[in-house]
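The lines below spell out each chain.
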Amino acid sequence: AILALARLALQEERSFEALDLLEDEDLVDRLSPLRQAQAHALLGEAFLQTRDPRRAAEELSRALDEAESWEARLDADPLPGTAERTVRAVIGEWLGVHTLALYAEACSREGRALEAARAIEEYQARSLRRGTGELARLREIVDTADKNCANDNPQQGRQPAEPESC
């Protein structure tokens, strides 16, 4: 509930209220790792609104570091089925991209434009490399399906009229 109240305060440009809610380190430490990262991202956004880019960058960097540790854990021990894609989407599309944009803005306001560009480039390069791995995995799934289809239809040269017929 604290995160929702802080998010609402930020939406209404009441950044000092969001800071009051989230600056208690004991409270943040009691949150789950996902919620801790979200709290750091919200703190960073609040500091950005209060024109404190240094503290904003620190908090946003903490949130991004946590997201990177999730990705490393997923690479080492993937979740079954669609769960991995769902988790990666939450990390990459909400926390990662939004937080990265705020981090780049904080760095830029702090006079560290090269750090902003480096962070964006690094994130983009990492996502492209991951995309290549996912593409390879997709190709493997398609190849396996094609082999199974060929085994089900032993006539040489015969292709099913529709993919569902395999």
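In this report, the structure presented in the accompanying data block is examined. Please read all numbers here as calculations on a predicted model, not as lab measurements. (Residues numbered from 1 in each chain as written. Predicted model: local features only at pLDDT ≥ 70, side-chain atom pairs only at ≥ 80, totals over all residues. Heavy atoms only, no water.)

**A short note on the overall build of the chain**
Counting its regular elements, the chain contains seven helices and zero strands. Ordering the α and β elements of the chain from the N terminus gives α-α-α-α-α-α-α. Classification of the 166 residues of the chain by burial places 32% in the buried group. Looking at the chain as shown, the accessible area adds up to about 10600 Å², and 53% of this sits on carbon and sulfur atoms. (Helix = DSSP H or I, 4+ residues; strand = E, 2+ residues; numbered from the N terminus. Buried < 20%, exposed > 50% of the residue type's maximum accessible area, 1.4 Å probe, protein only. Areas by Shrake-Rupley, 256 points an atom, 1.4 Å probe, with all protein chains shown as cover.)

**So, the pattern of salt bridges**
Opposite charge on two side chains permits pairing when their charged atoms draw close. According to the stated counting rule, one finds nine salt bridges in the structure shown. Its salt-bridge partner being Arg109, residue Glu105 comes within 2.6 Å of it at the nearest N-O pair. Placement of the pair is Glu105 and Arg109 together in helix H6 (residues 83–109), with a separation of four residues, close to one helical turn. Take Glu105: its relative accessible area is 33%, and that puts it in the partly exposed class. Between Arg118 and Glu122 there is a salt bridge, with the nearest N and O atoms lying 2.5 Å from each other. Remark: Glu122 and Arg118 occur in helix H7 (residues 113–152); sequence separation between them is four residues, near one turn of the helix. In the salt-bridge network here, residues are joined through shared partners; they are Glu12, Arg14 and Glu17. (Salt bridge = Lys/Arg side-chain N within 4 Å of Asp/Glu carboxyl O.)

**Digging into the environment of Gln38**
Within the fold, Gln38 resides in helix H4 (residues 33–49). Each C-alpha atom of the pair Gln38 and Thr99 lies 9.2 Å from the other, and the pair is 61 residues apart in sequence.

**Overview of the nonpolar core**
Soluble globular proteins tend to pack their nonpolar side chains together in the buried interior. Formed by 27 residues in total, the largest nonpolar core has its most connected members in Ala18, Leu22, Leu42, Ala56, Leu60, Tyr103 and Ala106. Of all elements in the fold, only helix H1 (2–11), helix H2 (15–22), H4, helix H5 (53–76), H6 and H7 reach the threshold of two or more residues within this core. Those residues in contact with Leu42 that lie beyond four places of it in its chain are Leu3, Ala6, Arg7, Leu10 and Leu22. Membership of the second largest hydrophobic core comes to six residues, among which are Ala37, Ala41, Ala63 and Ala67. (Core = buried A, V, L, I, M, F, W, Y, C linked by side-chain atoms within 4.5 Å. Contact = heavy atoms within 4.5 Å.)

**A short note on the packing of H1 against H2**
Packing of H1 against H2 brings their axes to within 7 Å, and their N-to-C directions diverge by 160 degrees. Comparing the axis directions of H1 and H2 gives the class roughly antiparallel. Helix-helix and strand crossings are classified by hand; for H1 and H2 the assignment is left-handed. Residues Ile2, Leu3, Leu5, Ala6, Ala9 and Leu10 of H1 form the contact with H2, whose participating residues are Ser15, Glu17, Ala18, Leu21 and Leu22. Along the lines of polarity and charge, the residues of the contact of H1 with H2 split into nine nonpolar, one polar and one charged. (Axes fitted to C-alpha atoms, helices over the stretch in contact; angles between N-to-C directions. Parallel < 35°, antiparallel > 145°, perpendicular 65-115°, else oblique. Left-handed = near helix turned anticlockwise from the far one by under 90°. Nonpolar A, V, L, I, M, F, W, Y, C, P; charged D, E, K, R; others polar.)

On their own, these measurements won't tell you what the molecule is for.
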